[in-house]
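What the coordinates show
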Amino acid sequence: MNRIREITKFVIEEFLPDVAAGELGADYDLLAGGVIDSLGLLKVIAWLEERFELAIDDVELAPDSFRTVAAINDFVERAQQPAEVG
Amino acid sequence: MSAQSLIECFTANARRVPDAPALVWKDTSVSYSQLHARAIQVSARIASMDIGHAPIGVLAAKSPDSVALVLGCLMAGCSFVLPSATLARTTREKLFAQVGCVAVLSEQDVDLGATGQAAAQPALTPDSARVTFMLTTSGSTGTPKVVPLTEGAIDRFTDWAGEQFGLRQHSRVLNYSPLNFDLCLLDVWATLKHGGCVILVDPDRATDSGHLHELLGSNEVELIQGVPMLFQLLADAAATTGGVSYRSVRDVIVTGDTISAGCLATLPALFPNARLYDIYGCTETNDSLMHEIDPTTLPTGKIPLGLPLPGVRTLLVDEDGGVVDGAGTGELYVWTPFQAAGYLDPGLDEGRFAEHPHRADGSRYFRSGDLVHRDVDGTLTLVGRNDFQVKVRGVRTNIAEVELAMSEHDDVAEVVVVAMPDPLAGHLLHAEVRKAPGAELNSLVLRRFCAERLPRTSIPSTMRISDDPLARTSTGKPDRQLLIRTITERRRG
């Protein structure tokens, strides 16, 4: 499944069970829209870690990374890149 | 001027206008002389029991005979406890035992064959300090608390109501609530005191909006008092029949709960000739504050509780026990000329009835448990229940404020919010929403609406939006305990 679709599906099942998938755009502001709060954020992160096998470091947790489905997708994308050698 | 005796006035009405209608019940009219004759029978029967001043229990499912039963008790000068007709038998028996009732009367004890003998009344010695009505608080759990009201308190209240709403012979007043409710002191007992006619709504049909519509339309009702649910039902009926209005109604009293802005907005068209009042009170103090709503400029936000009725004293007491002077917020303490001095069981008074925090002024105030804001001009507005405060992630959150904000969405017909215990957050809010008929409301829309109006922590974590009516208690208030149980089971199952 396309990752955007998969994230959308998760957000809907978890937070908007009465909403059709087509209604939630990838650019919809989930924070300003009252869909995800700080507690919800924890659920999203826990799911991302498990589903995409990410090791999410606390410092990366800027709420802006989770503002929209597209932002979450970008976040997963970045987190999956091999860490740069320093 | 001392207050006039309710029962003496009723008796005088039976003599003065014997054929005037006193009650309308299921399309049948009962005249003052007929009602009086039945009350006399009851009174004679109580006298024959020779029980002195011991209290009796009255089972008062709504009917003309139940009205006669109460009038008979008043004639006999006895104290009587009037529990809800829907109380479980064991709870009721416990209640009667707790009060020390020596007898229990029900409508079967009224002789239906009675004929008018207005002269045969027993001697009555008015005593303003004597307890007559003992009402009960509508606690959802355990045995209800008994609130004893003196003859003086009842007489003062029924005089105020008569004066305020111009009750007189031929006044036609709708009685919506069950007979054991304090609201009946106005719509049943004050009306009978002043010679008017009470149109009794059958509790079995109280949620049948078609029936209510018919009853109002055919009875030339002038005064209508009810909880917001009544007006919501009438508004729903009007929406389906299209633009109906009740032109005979002169006074509309909304009481018992906060009316939603949406429901309020329907009232001016429903009752084009009426003055609209919002009354705040409780069983312990009876009506205490009143706000007249201007139908031409309906409030968009909260409806104020208004100002104290004549003779009523209020205090706002802050968290530290200090009295708030001028503008500010605190728990509302009320003293009214109509109130109980305390519960029948003085052991229950702790924390509910209290002296003035700083100086004894001879008044025993009732602590309402409501958090109230006072404006610079003295107008009081409800902030929420003291016990509606919960902590969500450590943030003090007022459930009533969340409900109010959500109810302002046009597509929300009704909403109730409950706090579900959560091991992580302390509490998480759940909103149960009935959407307006035909509306396409979903949680995406409602969450955005909330996010624009409420702090993040006040946005309910879960919402259920449906066309199902909200579960309500016998008093018409949302049944929060039942909802919490239902959600818990839903999540488990």
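Here the structure is shown first, and the text comes after it.
Residues numbered from 1 in each chain as written. Chains lettered and ligands numbered in written order. Predicted model: local features only at pLDDT ≥ 70, side-chain atom pairs only at ≥ 80, totals over all residues. Heavy atoms only, no water.

Turning to the interface of chain A and chain B, a few remarks are in order. Opposite the 15 residues of chain A that make contact, chain B presents 13 residues. Interface of chain A and chain B: buried area, both sides summed, is about 1400 Å²; carbon and sulfur atoms make up 52% of it. Summed over the three residues of chain A that lose the most area to chain B, namely Asp18(A), Asp37(A) and Leu39(A), the buried surface amounts to 34% of that side. Summed over the shared surface of chain A and chain B, the number is 0 salt bridges. Scanning the region where chain A abuts chain B turns up 6 residue pairs in polar contact (both at pLDDT 80 or more). Split by residue class, the side of chain A that touches chain B holds 9 nonpolar, 3 polar and 3 charged. (Contact = heavy atoms within 4.5 Å. Buried area = accessible area lost by both parts, 1.4 Å probe. Salt bridge = Lys/Arg side-chain N within 4 Å of Asp/Glu carboxyl O. Polar contact = N/O pair within 3.5 Å; in protein donor to acceptor, adjacent residues only side chain to side chain. Nonpolar A, V, L, I, M, F, W, Y, C, P; charged D, E, K, R; others polar.)

All names here are of chain B. Enumeration over the complete set of coordinates arrives at 26 salt bridges over all chains. The closest approach of N and O atoms between Asp 159 and Lys 193, which form a salt bridge, is 2.8 Å. Of the two residues, Asp 159 is situated in helix α5 (residues 151–164) and Lys 193 in helix α6 (residues 184–193); the sequence distance between them amounts to 34 residues. The partner of Glu 292 in a salt bridge is Arg 275, and the shortest N-O contact between them spans 2.8 Å. Placement of Glu 292 in strand β13 (residues 286–293) and of Arg 275 in strand β12 (residues 275–282) is noted, with a sequence separation of 17 residues between them. A relative accessible area of 37% places Glu 292 in the partly exposed class. (Helix = DSSP H or I, 4+ residues; strand = E, 2+ residues; numbered from the N terminus. Buried < 20%, exposed > 50% of the residue type's maximum accessible area, 1.4 Å probe, protein only.)

Moving on to empty space enclosed by the protein. All names here are of chain B. In this structure the tally under the stated criterion is 1 cavity of 30 Å³ or more. In terms of lining, the largest cavity is formed by Ser 5, Leu 6, Ile 7, Leu 74, Thr 132, Glu 151, Ile 154 and Asp 155. For the lining of the largest cavity, the secondary structure elements donating two or more residues are α1 (6–16) and α5. If one sorts the elements of the lining of the largest cavity by residue count, α5 sits on top with 3 residues. Class assignment of the residues belonging to the lining of the largest cavity gives a composition of 4 nonpolar, 2 polar and 2 charged. (1 Å grid on protein atoms, 1.4 Å probe; cavity = no way out; pocket = protein on both sides within 12 Å on 5 of 7 lines; lining within 4 Å. Points joined across faces, edges and corners; volume = space filled by probe spheres on them.)

Here we come to the pairing of strand β20 (residues 389–392) of chain B. Residue and element names in this part refer to chain B. Only one face of β20 is buried, namely the one carrying Val 390 and Val 392, since none of Gln 389 and Lys 391 on the opposite face is buried. As judged from the 4 bridges shared by β20 and strand β21 (residues 395–398), these two strands associate in the antiparallel manner. The residue bridging Lys 391 from the neighbouring strand is Arg 396, located in β21. (Pairing = 2+ DSSP bridges.)

A word on the sheet that holds strand β1 (residues 21–25) of chain B. Sheets are built from strands paired through backbone hydrogen bonds, the pairs being either parallel or antiparallel. Residues and elements named next belong to chain B. The 9 strands are arranged β2-β1-β9-β8-β10-β11-β12-β13-β14 in an open sheet whose pairing can be described as mixed. Edge positions in the open sheet fall to β2 (28–31) and β14 (307–308), since each of these has one partner strand only. Here β13 pairs with β14 via 2 bridges, running antiparallel. Bridging from a neighbouring strand, Met 290 pairs with Leu 307 of β14.

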